Amino acid sequence: LTSLGTLDPNGVGRVMPRAINARCDVVGSCEVGTAERPFLWTKSGGMRELPRFGNAAPARNTGLDISDDGWVLGQASKDLEGLVDVLWAPDGTRTELAPLVLDTGPLGRWSRLFGTFRRNASGQILGWCLRANNIDVRFTLLTPAELTLAAQGVAQAGQPHALTVTGAEPGRIVFLAGDLDAGDDRGY
């Protein structure tokens, strides 16, 4: 029997483990006062808190799943938005998932990302979205895009430029952006 410990400095916070991976890393949440904090427990490092969006209300944050390669899927409180779905990288950096889902929002096919379940080693996330009517729930498989962009030939000012995009899916929108960093820069 291995104790996971607690994040509560008083040692009284309830610990709620949610998932374990093949390396025996555990994720879940721990009560600290009236807040629920997300944690990652490893054999080598013990329990540590995962980064949150500050002290947003409701103060409910939890790790829900961990893949064998160390990516944690969960939920975190965010000011004015309530609970949002989050993906924590193995280095602890946090990414909100909903802004990455195409075709969401008032004029999109989906009104919002409603929740997530699991992430596999390929980076695919099983979740569910609300349809635009805010009633129908549909299960979704979120697949990260692996896009590669290459210029065809040497760019000359005032001439058409050709780019090749690989990894895009037919019928899916790909957004390209241009940027000039400084006046003496060639741009990207």
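Below, the structure is looked at part by part. (Residues numbered from 1 in each chain as written. Predicted model: local features only at pLDDT ≥ 70, side-chain atom pairs only at ≥ 80, totals over all residues. Heavy atoms only, no water.)

Within strand 10 (residues 125-131), five of the seven residues are buried, leaving the element largely enclosed by the surrounding structure. Pairing of strand 9 (residues 110-119) with strand 10 involves seven bridges; the strand directions are antiparallel. Bridging across to strand 10, Thr-116 finds its partner in Gly-127. Taken together, the six bridges between strand 10 and strand 11 (residues 137-142) define a ladder with antiparallel strand orientation. Across the sheet, residue Gly-127 finds its bridge partner in strand 11, namely Thr-140. If you look at the hairpin formed by strand 10 and strand 11, you'll find five residues sitting between the two strands, and Asn-134 has a positive phi there, around 60°. (Buried < 20%, exposed > 50% of the residue type's maximum accessible area, 1.4 Å probe, protein only. Helix = DSSP H or I, 4+ residues; strand = E, 2+ residues; numbered from the N terminus. Pairing = 2+ DSSP bridges.)

Moving on: unusual backbone geometry. Residue Cys-24 is not a glycine yet carries a positive backbone phi of 70°. Mapped onto the secondary structure, Cys-24 falls in the loop between strand 1 (15-20) and strand 2 (26-32). The class for Cys-24 is partly exposed, based on a relative accessible area of 30%.

Along the chain, Trp-128 turns up in strand 10. Along the sequence, Trp-128 and Phe-114 sit 14 residues apart, while their C-alpha atoms lie 5.6 Å from each other. Beyond its immediate stretch of four places on either side in the chain, Trp-128 contacts Leu-113, Phe-114, Gly-115, Thr-116, Phe-117, Val-137, Arg-138, Phe-139 and Thr-140. (Contact = heavy atoms within 4.5 Å.)

The next thing to look at is the sheet that holds strand 7 (residues 82-88). Whether parallel or antiparallel, the strands of a sheet pair through hydrogen bonds between backbone atoms. Taken in spatial order, the four strands make up an open sheet running 5-6-7-8, and their pairing is antiparallel. Edge positions in the open sheet fall to strand 5 (62-66) and strand 8 (94-96), since each of these has one partner strand only. Each neighbouring strand pair of the sheet contributes to a mean axis angle of 35°, computed without reference to strand direction. Note that strand 6 (residues 72-78) and strand 7 share seven bridges and pair antiparallel. Bridged to Ser-77 within strand 7 is Leu-83. (Axes fitted to C-alpha atoms, helices over the stretch in contact; angles between N-to-C directions.)

Time to look at the side chain of Thr-62. Relative to the helices and strands, Thr-62 is located in strand 5. Look past the residues within four positions of Thr-62 in its chain and what remains in contact with it is Arg-18, Gly-28, Ser-29, Glu-36, Pro-38, Gly-74, Gln-75 and Trp-88.

This part takes up the nonpolar core. Among the nonpolar cores identified, the biggest contains 11 residues, and these are Ala-19, Val-27, Leu-40, Leu-50, Phe-53, Ile-66, Val-72, Ala-76, Val-84, Val-86 and Trp-88. At the level of elements, strand 6 and strand 7 are the ones that each hand at least two residues to this core. In terms of residue count, the dominant contributor to this core is strand 7 (three residues). Counting residues in hydrophobic clusters, the runner-up holds nine residues, among them Leu-87, Leu-113, Cys-129 and Leu-142. (Core = buried A, V, L, I, M, F, W, Y, C linked by side-chain atoms within 4.5 Å.)

Quick look at the pattern of salt bridges now. Scanning all chains against the criterion turns up eight salt bridges. The residue Arg-23 makes a salt bridge to Asp-25 at a minimum N-O spacing of 3.1 Å. Judged by its relative accessible area of 46%, Arg-23 falls in the partly exposed class. Residue classification places Asp-25 among the buried positions, given a relative accessible area of 8%. The shortest N-O distance in the salt bridge between Glu-96 and Lys-78 comes to 2.6 Å. Placement of Glu-96 in strand 8 and of Lys-78 in strand 6 is noted, with a sequence separation of 18 residues between them. (Salt bridge = Lys/Arg side-chain N within 4 Å of Asp/Glu carboxyl O.)

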